[in-house]
Amino acid sequence: MTRGTHLAAAGALAALALLAGSGPPASAPAAPDAPTALAPPETRLVGYESCGDALAGLRAAATTAVGPFGFHDRDLGWIAKSATGESRLDVAAAPAPEHTTTNVHEVGADEPDLVKTDGRRIVTISQDVLRVTDPATRRTTGRLDLADGTLLPDQHRERSLLLHGDRALVLSGESRMAFRSTEEQATGGNTRLTLVDLTTTPAVLGTYSIDGALIDARQSGATARVAVRSDPRLDFRLDPRAGDAERIAANRSVIASAPIDAWLPAYEWSAGQERHHGRIGCERLSRPADATGTSLVTVLSFDLAAERIGDGDPVSVAADAATLYGTANSLWLAGERRPVHGPRPNFWGGRPAEVSTVIHQFDTANPGPPRYLASGSVPGWLVNQYALSEWQGDLRVATTVDGARGRSTSESAVYVLRRQGGTLQQVGAVSGLGPGERIHSVRFLGGSGYVVTFRQTDPLYALDLTDPTKPRVTGELKITGYSAYLHPLPDGRLLGVGQEADRRGRTQGLQVSLFDVRDPARPVRLDQYHVPRAWSAVEFDPHAFLYHPETGLVALPVDQGVRLLRVTATDLGELGQVTHPGAGEGTLNRALLVDGTLWTVSAAGLRASDPTNGRSLAWLPAT
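Residues numbered from 1 in each chain as written. Predicted model: local features only at pLDDT ≥ 70, side-chain atom pairs only at ≥ 80, totals over all residues. Heavy atoms only, no water.

So what's going on with the packing of aromatic side chains? Which residues, and what values?
Tallied over the entire structure, the rule returns seven aromatic pairs. Ring geometry for Tyr208 versus Tyr267: centroids 5.6 Å apart, planes at 15°, classification stacked. Within this pair, whereas Tyr208 is found in strand E11 (residues 203-211), its partner Tyr267 is found in strand E14 (residues 266-271), the two being separated by 59 residues in sequence. Overall, Tyr267 belongs to the buried group, its relative accessible area being 4%. Pairwise contacts between aromatic rings join Tyr208, Tyr267 and Phe302 into one cluster. (Phe/Tyr/Trp six-rings, centres within 6.5 Å; stacked < 30°, edge-to-face > 60°. Helix = DSSP H or I, 4+ residues; strand = E, 2+ residues; numbered from the N terminus. Buried < 20%, exposed > 50% of the residue type's maximum accessible area, 1.4 Å probe, protein only.)

Go over the sheet that holds strand E35 (residues 546-548) with me, naming the residues and quoting the values.
One open sheet accounts for four strands, arranged E35-E36-E37-E38; its pairing is antiparallel. Unpaired on one side and paired on the other, E35 and strand E38 (572-579) mark the two borders of the sheet. For this sheet, the mean inter-axis angle between neighbouring strands, taken without regard to orientation, is 20°. With seven bridges connecting them, strand E37 (residues 561-567) and E38 associate as antiparallel partners. Opposite Leu565, over in E38, you have Glu574 as the bridge partner. (Pairing = 2+ DSSP bridges. Axes fitted to C-alpha atoms, helices over the stretch in contact; angles between N-to-C directions.)

So, empty space enclosed by the protein: which residues are in play, and what are the values?
Of the volumes computed, that of the second largest cavity is approximately 60 Å³. Lining the second largest cavity, in full, are Arg218, Gln219, Ser220, Thr223, Arg225, Thr327, Ser330, Leu331 and Thr364. Sorting the residues of the lining of the second largest cavity by element identifies strand E12 (213-220), strand E13 (223-230) and strand E20 (330-337) as the ones contributing at least two each. Looking at the lining of the second largest cavity, the element that brings in the most residues is E12, giving three residues. Residues of the lining of the second largest cavity, tallied by class, amount to one nonpolar, six polar and two charged. (1 Å grid on protein atoms, 1.4 Å probe; cavity = no way out; pocket = protein on both sides within 12 Å on 5 of 7 lines; lining within 4 Å. Points joined across faces, edges and corners; volume = space filled by probe spheres on them. Nonpolar A, V, L, I, M, F, W, Y, C, P; charged D, E, K, R; others polar.)

Lay out the sheet that holds strand E32 (residues 493-501) with the relevant residues and their values.
Strand order in this open sheet of four strands is E31-E32-E33-E34, and the pairing throughout is antiparallel. Two strands close off the open sheet at either side, each with one partner strand: strand E31 (482-489) and strand E34 (524-532). Here the strands of the sheet are splayed against their neighbours by 20° on average, with no regard to which way each runs. Where E32 lies against strand E33 (residues 507-516), nine bridges are found, and the strand directions are antiparallel. Bridge assignment links Leu495 to a residue of E33, and that residue is Leu514.

Can you explain the pattern of salt bridges? Please cite residues and give values.
Tallying each qualifying case throughout the model produces 23 salt bridges. Between Arg241 and Asp239 there is a salt bridge, with its nearest N and O atoms 3.4 Å apart. With a relative accessible area of 75%, Arg241 lands in the exposed category. For Arg518, the salt bridge is made with Asp516, and the minimal N-O distance between the two is 2.7 Å. Judged by relative accessible area, Arg518 falls into the exposed class, the value being 60%. Linked through salt bridges whose partners overlap, the residues forming this network are Glu111, Asp216 and Arg218. (Salt bridge = Lys/Arg side-chain N within 4 Å of Asp/Glu carboxyl O.)

Below is the structure:
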């Protein structure tokens, strides 16, 4: 790292440390109806005074956290998991054709996806190949092979895209399934970013590689912020003949001799023939008071309008965050805190009652590295990023707490947190949602909230959140099955995508439900669309969902094709289906509209279709 970079980093962290080191705020009075909760520990971030201070702190925290098999729950079987600017060359050109964008959680915070369009071009990434398609002529106009040759035959990188003008940022990380529980995210590995110029023939402008697994990214304007989680590189050796106490002692010995570089991730970036190497500096690292020393989260910031990718202005936190939620002006990192050496999540996602979710808030209103604001915690665990929502400066958080005996004693709650100094203080809560069940989906819409819990039936809870100190349940609808994703529709309606189930809770195939939630005391289901023994990628990945409010078109990947539905004020109806030749189950997973034409995307290629009936207009094979 150059001296100039060190000085810039020191200045950024000095400002962060100044904010983080402010005195604790006065305690806010608890809401009268707030449930009894775990006392939140001190979670404000503070900077390390030196590398020696950082090493001592990380060693101490890791020593406390390590068990006989290393750091607990790091070998989970599950792997978890629109604001594009105008092209610089097209500013004076005619407006882009009408087009849909990626289905995202918050307006102004674009999310990476497998396909992006600005109306003039469709950019896709599949099987390590970036392709550019002209929707007007329905021809492939560019192709770029991004295979880097660094993976073994049985390894796979999952790639996604962000788009700004004539620049695409390709994000490559460990293979994961989106929309899984927040802690079902792989750590370790390597994250690679590639900046591509799309002006003419697609060409690589530069690359960036860092130790750690890709969590997620958000883009506001030309600024992309990428979150990466990395494990310390500690060589724990398992002696099968030793007892737990001996293994713990051996692991602690490894930690005691580990250098600071074991925790600080290394990175490298390129621009043309230039090559630059660096490592996150100690002055770029902050910690919560209860840092475990088992992982770091690094937030990188990139200007997609620049000619080179740069070093990402890294800011790191000694935390275990695995979920990223972003708005146009804020970035939130959330992760679970479990008891030391506590039990791991079970197959169904259950956690012990002591699990809590720690949340860190950063200001992203301006370009450049994010500025730390505050931290806090709530009992329980998140189902995904949709369990978080910022509204009028407050953060709403929906979690499930599992009891000592597992799901049979679980219940869920919604908490409201408000920033007071450097702490996110709880100002209101409503609990007791879905006793014996867990959250399957959440949607916050302004002063209202909707929570779906499920075990045998699906209670859809309607919440009034207009008074943040007194959130309350206003209505409840019990139906069979559940919604795994909720999407707002005009005129007080809500669309749910999930699974139908029998009275014993056994799933029966894809279910799409049209809800009327205009009366908060009496949510009702107006219509249902059911495909027996089927499922949709939307249940796990909301990016696969397409809704066009002007026509009522809904496009859902279902098994080996895309079902086209039309939603009206009172009912759902099927318009047609789209399939691709050679596309296997679950591979036809994206749909978008450009200038009145439906485009569907799979590894096999792109198809242009009539959105009113699914009739094929053109087929563009991938090869």
